[in-house]
Amino acid sequence: MADVPEQLANIRGRIAAACAAAGRAVDEVTLVAVSKTFPAATVMLAVDAGQRVFGESRLQEAEPKLTELPPDLVWHFIGRVQSNKVRKILPLFPVVHGIDSARLAEHVDRIAGELGLTPRVFLQVNIGREASKGGFDPDEVLGALPGLQDLKHLRIEGLMCIPPAVEDPEDARPWFAAMRELRDSLRQRSGMALPALSMGMSHDFEQAILEGATHVRVGSAIFGERSYRVDGELG
Ligand SMILES: *Cc1c(COP(=O)(O)O)cnc(C)c1O
């Protein structure tokens, strides 16, 4: 089994080094420790090592796990958001990364209003325009923003992506740069703050930080290889 505290310390060190290389403050980057497929006892090793922010992809798996863990953790929902699960997702997850259409945003806003919640959300962008992946087309986000701004229960933090898979993490950098440029252009043209960029995983979080990531979602580099793939995983 992976030495979770040691791997967590290693990732924290690499995040700090990437921030230094980018001339950014280390507190600009939030490490979302992705604990999907790992049991509460393994997550607890990271909690004991000081980690507070975690990510899960599937409600069914997360629900029982969360009840076994301390209440002061901050859970990010990073999987595909099924409409019929939103009512259960929102009370458990104050942050939702996979808002992939205006229709879903409207639905989440309506349920949030009914529950009296104001989730922080990321708009997922299909930056590589891959047929296999969900998300807003990069050209369509701007047009969607005015409607999204009217959704009073959503706090739109920024953009999220899963770029096309590459062998060499340096090859992911142009996608991360494209995300930053898209965010900057949307910010300028919409007047929205859009402070956040959720991008970078175990394989490429350093490249993402160099290009402006504020949230990196790191799983296997902390907890070890997953023994199965989670359905509902974004992709
Ligand atoms: C599983 C997952 C991650 C973490 O992936 P690792 O390669 O294990 O770091 C990050 N983001 C999303 C959306 C995921 O589904």
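Above this text is the structure in question.
This text gives an overview of the structure that appears in the document.

## Things to note about the pairing of strand 5 (residues 120-124)
Working step 1: In terms of burial, strand 5 is a largely internal element, four of the five residues being buried.
Working step 2: Between the parallel pair strand 4 (residues 95-99) and strand 5, the chain is carried across by helix 5 (residues 102-115), and the sense of this crossover is right-handed.
Working step 3: In terms of strand pairing, strand 5 meets strand 6 (residues 155-160) through five bridges, oriented parallel. Paired with R120 across the bridge in strand 6 is R155.
Working step 4: What joins strand 5 to strand 6 is helix 6 (residues 141-149), and the crossover it makes is right-handed.

## Brief notes about the site of the ligand
Working step 1: Close to the ligand lie 14 residues; K36, S202, G219, S220 and R226 are nearest.
Working step 2: Contact between the ligand and S202: an oxygen atom at 2.5 Å from a side-chain N or O atom of the residue.
Working step 3: A distance of 2.7 Å separates an oxygen atom of the ligand from a polar atom in the side chain of R226.
Working step 4: When isolated, the ligand has an accessible area of 390 Å², and the protein chains bury 94% of it.

## Remarks on the environment of A172
Working step 1: Along the chain, the position of A172 falls in the loop between strand 6 and helix 7 (173-190).
Working step 2: Spatially, the C-alpha atoms of A172 and R87 are 35 Å apart, while their sequence positions differ by 85 residues.
Working step 3: Look past the residues within four positions of A172 in its chain and what remains in contact with it is V166 and D204.

## Thoughts on the nonpolar core
Working step 1: By size, the foremost hydrophobic cluster in this structure holds 65 residues, and its most contacted members are I15, F54, L123, L148, L159, V216 and I222.
Working step 2: Among the elements that make up this core, the one with the highest residue count is helix 1 (residues 4-22) (six residues).
Working step 3: The contacts of L159, once residues within four sequence positions are left out, are F122, L123, V125, V141, M179, L182, R183, L186, A196, L197 and S198.
Working step 4: In this structure, V95, F122, M160 and I162 belong to the second largest nonpolar core, which totals five residues.

Definitions and cut-offs
- Residues numbered from 1 in each chain as written.
- Predicted model: local features only at pLDDT ≥ 70, side-chain atom pairs only at ≥ 80, totals over all residues.
- Heavy atoms only, no water.
- Buried < 20%, exposed > 50% of the residue type's maximum accessible area, 1.4 Å probe, protein only.
- Helix = DSSP H or I, 4+ residues; strand = E, 2+ residues; numbered from the N terminus.
- Right-handed = clockwise from strand over helix to strand, strands pointing away.
- Pairing = 2+ DSSP bridges.
- Near = heavy atom within 4 Å.
- Polar contact = N/O pair within 3.5 Å; in protein donor to acceptor, adjacent residues only side chain to side chain.
- Areas by Shrake-Rupley, 256 points an atom, 1.4 Å probe, with all protein chains shown as cover.
- Contact = heavy atoms within 4.5 Å.
- Core = buried A, V, L, I, M, F, W, Y, C linked by side-chain atoms within 4.5 Å.

Geometry only, nothing functional implied.
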